[in-house]
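Structure assessment
These are the residues of each chain, in order.
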Amino acid sequence: MSAQERVIQSPATRLRNLLNYNTTQMVYVAAKLGIADRLADGPLRAAELAHVVGAHPRALYRLLRALTHVGVFAEDAEHRFCLTPMAELLRADAPGSLRAFALSYGESWWWSPWGRLLDTVRTGTTAFDQVMGQGFFEYLQQHPDAAAIFNANMTSMTERDVPEVVTTYDFSGKGLLVDVGGGHGALVSAILQAGAREEAILFDRPEVARGAPARLAAAGVADRCRVVEGSFFESVPEGGDTYTLKDIIHDWDDARAVAILRNCKRAMARDARLLLIERVLPADGEAAVGKMVDITMMVLTGGMERTEDEYRALLEQAGFTLRRVVFTHSAASVLEAVPA
């Protein structure tokens, strides 16, 4: 079996493939109720689980029975349910946990806009804006519970990408690294832990950045990373020799993406470098997970995944030259640019 085949058949990949339509909601409910965590110590009957998680015994049994059909949980001869490799990934504390991913895809604020996909394809408008009456990130600012789920999902996604990214691309340097839109610090923590940098700044919106100190402390890098609050639509911290933006530009349409990039350029010295860590779409018909993520961007944020040529054009509009693209074995690639 090839390495690619092993990836395709891995429990994580199979679980992602299962998260569609009705199965998405079934997995979401199991994740929301914390079923996998409850089964960590051994098999239980649905009635026992229902008592603990606050569910209807028969309805919960039917849900778990259906999930066994797709490999999430297993049922023994005594009608007890136990974990499978896929169900393990729904545990909150499992290595590579996808619980936050499952919760995001099942929440009504994420799920409902997909019912307007037809309108989006017909008109080019963003479904989320039409359904929720405001933009995706404005909604998160006003709904802390939704923001917590989204930020946990972004942290989980970055944790899956960073081992490949940090070992493939050389982040080393003696100057200051600025992680723009750094979330809770998964990327900058990995860079600092790898010894590539002595100091860094994590920059993000106040409501997001507040979650970073605990993460940085747990990673043992809090003394080397300063947290700065602000909006990258207004300005970014000056003084860095390297500016990283992971999964930021794909959230936005071209006009707003260029605005972010121009603010980075204003903060940068002539010899600084800009690193966009994104999914780079193949220009031909080759299969790529980014093509599916692109539809999520279209529905939720109005952003998009881009090809190398599209990123080059975007960077040139903002006053950068794309120097090279470093591909990794993860979905993420590093686009290295310098001021033109």
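Preceding block: the structure.
Conventions we followed
Residues numbered from 1 in each chain as written. Predicted model: local features only at pLDDT ≥ 70, side-chain atom pairs only at ≥ 80, totals over all residues. Heavy atoms only, no water. Helix = DSSP H or I, 4+ residues; strand = E, 2+ residues; numbered from the N terminus. Buried < 20%, exposed > 50% of the residue type's maximum accessible area, 1.4 Å probe, protein only. Contact = heavy atoms within 4.5 Å. Areas by Shrake-Rupley, 256 points an atom, 1.4 Å probe, with all protein chains shown as cover. Lys, Arg positive; Asp, Glu negative; His and termini not counted. Charge placed at Lys NZ, Arg CZ, Asp CG, Glu CD. Core = buried A, V, L, I, M, F, W, Y, C linked by side-chain atoms within 4.5 Å. Phe/Tyr/Trp six-rings, centres within 6.5 Å; stacked < 30°, edge-to-face > 60°. Lys NZ or Arg CZ within 6 Å of the ring centre and 35° of its normal. Pairing = 2+ DSSP bridges. Axes fitted to C-alpha atoms, helices over the stretch in contact; angles between N-to-C directions.

Here we take up the overall build of the protein. Within the protein, the regular secondary structure consists of 19 helices and 12 strands. Residues classed as buried in the protein amount to 50% of the 340 residues present. Taking the intrachain contacts of the protein between residues at least 6 apart in sequence as the baseline, contacts between residues at least 24 apart amount to 66%. Put simply, the protein shows about 16,000 Å² of open surface, and 52% of that area lies on carbon and sulfur atoms. Charged side chains of the protein number 35 positive and 43 negative; the gap between the two group centres comes to 2 Å.

The subject of this paragraph is the nonpolar core. Formed by 73 residues in total, the largest nonpolar core has its most connected members in Phe73 and Leu274. Residues in contact with Leu274, not counting those within four places in the same chain, are Tyr243, Leu245, Leu261, Cys264, Met268, Leu315, Phe320, Leu335, Glu336 and Ala337. Judged by nonpolar contacts, the second largest core, of 24 residues, contains Phe171, Cys225, Ala332 and Val334.

A separate point is the packing of aromatic side chains. Counted by the stated rule, this structure contains 17 aromatic pairs. Ring geometry for Phe137 versus Phe150: centroids 6.1 Å apart, planes at 80°, classification edge-to-face. In this pair, Phe137 is assigned in helix 12 (residues 136-142) and Phe150 in helix 13 (residues 144-168), connecting sequence segments 13 residues apart. Summarising the burial analysis for this pair, Phe137 and Phe150 share the class buried. The residue whose ring lies beneath Arg306 is Tyr311, and the NZ or CZ to ring-centre distance is 5.9 Å.

This next bit is on the sheet that holds strand 6 (residues 225-229). Strand order in the open sheet formed by 7 strands is 6-5-4-7-8-12-11, with mixed pairing between adjacent strands. The sheet is open, and its two edges are formed by strand 6 and strand 11 (320-327), each paired on a single side. Taking the axes of each pair of neighbouring strands and ignoring which way they run, one obtains an average angle of 20° across the sheet. Pairing geometry for strand 7 (residues 240-246) and strand 8 (residues 273-278), over 5 bridges, is parallel. Bridging from a neighbouring strand, Thr244 pairs with Leu275 of strand 8. Each of strand 4 (176-180), strand 5 (200-204), strand 6, strand 7 and strand 8 touches helix 14 (residues 186-193); the most contacted strand, strand 4, lies at about 160° to it.

It is worth spelling out unusual backbone geometry at this point. The phi dihedral of Phe73 falls on the positive side, at around 80°, and the residue is not glycine. One can find Phe73 in the loop between helix 6 (57-69) and strand 2 (74-75). For His79, which is not glycine, the phi torsion reads 60° and is therefore positive. Looking at the element boundaries, His79 is found in the loop between strand 2 and strand 3 (80-82).

Before going further, it helps to examine the sheet that holds strand 3. Read across the sheet, 3 strands follow the order 1-3-2 without closing on themselves; strand pairing throughout is antiparallel. Among the strands making up the open sheet, the edge pair consists of strand 1 (44-45) and strand 2. Here 2 bridges tie strand 1 to strand 3, and the two strands are oriented antiparallel to one another. Bridging from a neighbouring strand, Leu44 pairs with Phe81 of strand 3.

In short, shape yes, function no, at least from these values alone.
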